[in-house]
Amino acid sequence: MSFSFSQRLKQIPPYLFAEIDRLKNEMIRRGVDVIDLGVGDPDLPTPPRIVERLKEAAEDPENHRYPSYNGLFSFRRAVSDWYKRRFGVDLDPEREVIALIGSKEGIAHLPLAFVDPGDVVLVPNPAYPVYHIGTIFAGGRPYYMPLLEENGFLPNLEKIPEDIARRAKLIFVNYPNNPTAAIADLDFFERLKRFAKKYNIIVCHDAAYTELSYDGYRPPSFLEVKGSKEIAIEFHSLSKTYNMTGWRIGFAVGNADVIKALKEVKSNIDSGVFQAVQWAAIAALEGSEDAVEKNRRIFQERRDILIDGLRNIGLRVQRAKATFYLWARVPSGYSSASFSRFLLERAGIVTTPGSGFGDAGEGYIRIALTVPKGRIIEAVKRLANLKISVSQ
Ligand SMILES: *Cc1c(COP(=O)(O)O)cnc(C)c1O
């Protein structure tokens, strides 16, 4: 038997981390003590009181039935209260909030509501892959906006050709950014709003990392910009904030018509988030900030140790103000892939080649801070032994 795959699947670019994965597994098989700084999945557990709330809610038969499509009203109200407290943004829980099965789910499905075959979607490069995959699945054409170091890894909106901007339906942005760890200020968001209004484009802001920030910095929401709600949807996740990647719950907020369209797509594909998980998420959003603050301190300490180690061997890396990634320039003579391979073969350290996030990520590696401090210290020791090879 032979099956032919859809054009949609055939269009997905080859999995660029396959080579690193293969090498990693081979080394583990050989008994090498591999330190995995590749995955963007927190190693820390979900705070106990959230787990407790799930257990209680799981016992209640009320929660065993199909959930509502857009989420429990209590969940949507908890989201709107959290937005008010955290960002000073007013949201109507009835019309401007929707629950998602993780923010990835909403991001992937949104283009189905607005993009017809041939339509343009503005997608950053390098980026979290779901923006361009979601676009391709809807038949759309991604137009890549390079994120360059000289622009602080913000897209240069003025460089987008007029005819592309006119044909674009959506623009994806993500700050604090994965993979570059860059941040955006309200001034950039204001310019983005004006651009989107001029060309009638929906701003899709992925705000997954607003709560993981350091040195007292507090990342803004796009919705803090006056008038932004007319043209924007913002995706949020509990995954990174509360170490809940496995739970599959997130939410989207913003323009009521955009939220309604997403709800329409979703109601024909999925049947919502397990209500017990929603109750646990409410406990997370309404609970004290202590657990999140503890996370920030842990990641910040790991960041500082690793940055010292990287700089010590001559690598150029910025002190990330948010996210749990470092985006390091590879030394001359290496590509993203060859340097990532070098670190794995010579030091047993897994990193992600920047080129895997798009060709504009070439020349960088992404390093995730998702292992305990002791392992970071061990990684720094191994890096120090590489000194001669790297700095030549
Ligand atoms: C982790 C991540 C998400 C996905 O979060 P879920 O809510 O777990 O689906 C979304 N965007 C970016 C940029 C991420 O890194």
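Note that the structure is predicted; figures quoted are calculated from it, not measured. (Residues numbered from 1 in each chain as written. Predicted model: local features only at pLDDT ≥ 70, side-chain atom pairs only at ≥ 80, totals over all residues. Heavy atoms only, no water.)

Visitor: What am I meant to see in a nonpolar patch on the surface here?
Guide: On the surface, Phe5, Leu9, Ile12 and Phe137 cluster together to form a nonpolar patch covering roughly 360 Å² of accessible area. Inspection of the secondary structure assignment puts phenylalanine 5 in the segment before helix H1 (7-10). (Patch = residues over 30% accessible without salt bridge, like charges linked within 9 Å, V, L, I, M, F, W, Y side chains within 5 Å. Areas by Shrake-Rupley, 256 points an atom, 1.4 Å probe, with all protein chains shown as cover. Salt bridge = Lys/Arg side-chain N within 4 Å of Asp/Glu carboxyl O. Helix = DSSP H or I, 4+ residues; strand = E, 2+ residues; numbered from the N terminus.)

Visitor: Would you explain helix H5 (residues 103-114) in this entry?
Guide: Each full turn of the α-helix corresponds to 3.6 residues, which orients residues three or four apart in the same direction. Given a rise of 1.5 Å per residue, 12 residues ought to cover 16 Å, and the 18 Å separating the end C-alpha atoms of H5 matches this to within 8%. Listed in full, the buried residues belonging to H5 are Ser103, Glu105, Gly106, Ile107, His109, Leu110 and Pro111. (Expected span 1.5 Å × (residues − 1). Buried < 20%, exposed > 50% of the residue type's maximum accessible area, 1.4 Å probe, protein only.)

Visitor: Even after reading the chapter, I still don't get the nonpolar core, so can you show me in this structure?
Guide: Across soluble globular proteins, nonpolar side chains have a tendency to be buried as a group. Among the nonpolar cores identified, the biggest contains 60 residues, and Phe75, Tyr83 and Leu122 are the most heavily contacted of them. For this core, the elements supplying multiple residues, two or more each, are helix H4 (73-87), strand S2 (97-100), strand S3 (120-125), helix H7 (162-167), strand S5 (168-174), helix H8 (186-199), strand S8 (250-254) and helix H10 (275-286). There are two domains that each give this core at least three residues, and those are domain 1 (7-45 + 290-385) and domain 2 (48-286). Not counting chain neighbours up to four residues away, the residues in contact with leucine 122 comprise Tyr143, Met145, Ile160, Ile164, Ala168, Leu170, Ile171, Phe172, Phe195 and Ile201. Within the second largest apolar cluster, 36 residues are counted, among which are Ile35, Val317, Phe339 and Ile367. (Core = buried A, V, L, I, M, F, W, Y, C linked by side-chain atoms within 4.5 Å. Domains from an automatic or database assignment. Contact = heavy atoms within 4.5 Å.)

Visitor: Is there a simple way to think about the environment of valine 173 in this case?
Guide: Examined against the element boundaries, valine 173 turns out to sit in strand S5. Residue class for valine 173 comes out buried when judged on its relative accessible area of 1%. Between the C-alpha atoms of valine 173 and valine 203, which are 30 residues apart in sequence, the distance is 7.6 Å.

Visitor: I would appreciate a short explanation of the domain arrangement of the protein in the present structure.
Guide: Many descriptions give the size of an interface as the accessible area lost when the pieces come together. By domain assignment, the protein separates into domain 1 (7-45 + 290-385) and domain 2 (48-286). Put simply, the middle of domain 1 and the middle of domain 2, counted by C-alpha atoms, are 25 Å apart. Counting from both sides, the interface comprises 34 residues of domain 1 and, opposite them, 32 residues of domain 2. Each partner contributes to the roughly 3,000 Å² buried at the junction of domain 1 and domain 2, and carbon and sulfur atoms together form 57% of this total. Interface area lost by domain 1 to domain 2 is led by Arg296, Lys321 and Thr323, which between them contribute 21%. The tally of links between domain 1 and domain 2 comes to three salt bridges. Summed over the shared surface of domain 1 and domain 2, the result is 18 residue pairs in polar contact (both at pLDDT 80 or more). Counting only elements with at least two residues in the side of domain 1 that touches domain 2, the list comes to H1, helix H11 (290-312), strand S10 (325-329) and strand S13 (364-368). Top element by residues in the side of domain 1 that touches domain 2 is H11. It accounts for six residues. (Buried area = accessible area lost by both parts, 1.4 Å probe. Polar contact = N/O pair within 3.5 Å; in protein donor to acceptor, adjacent residues only side chain to side chain.)

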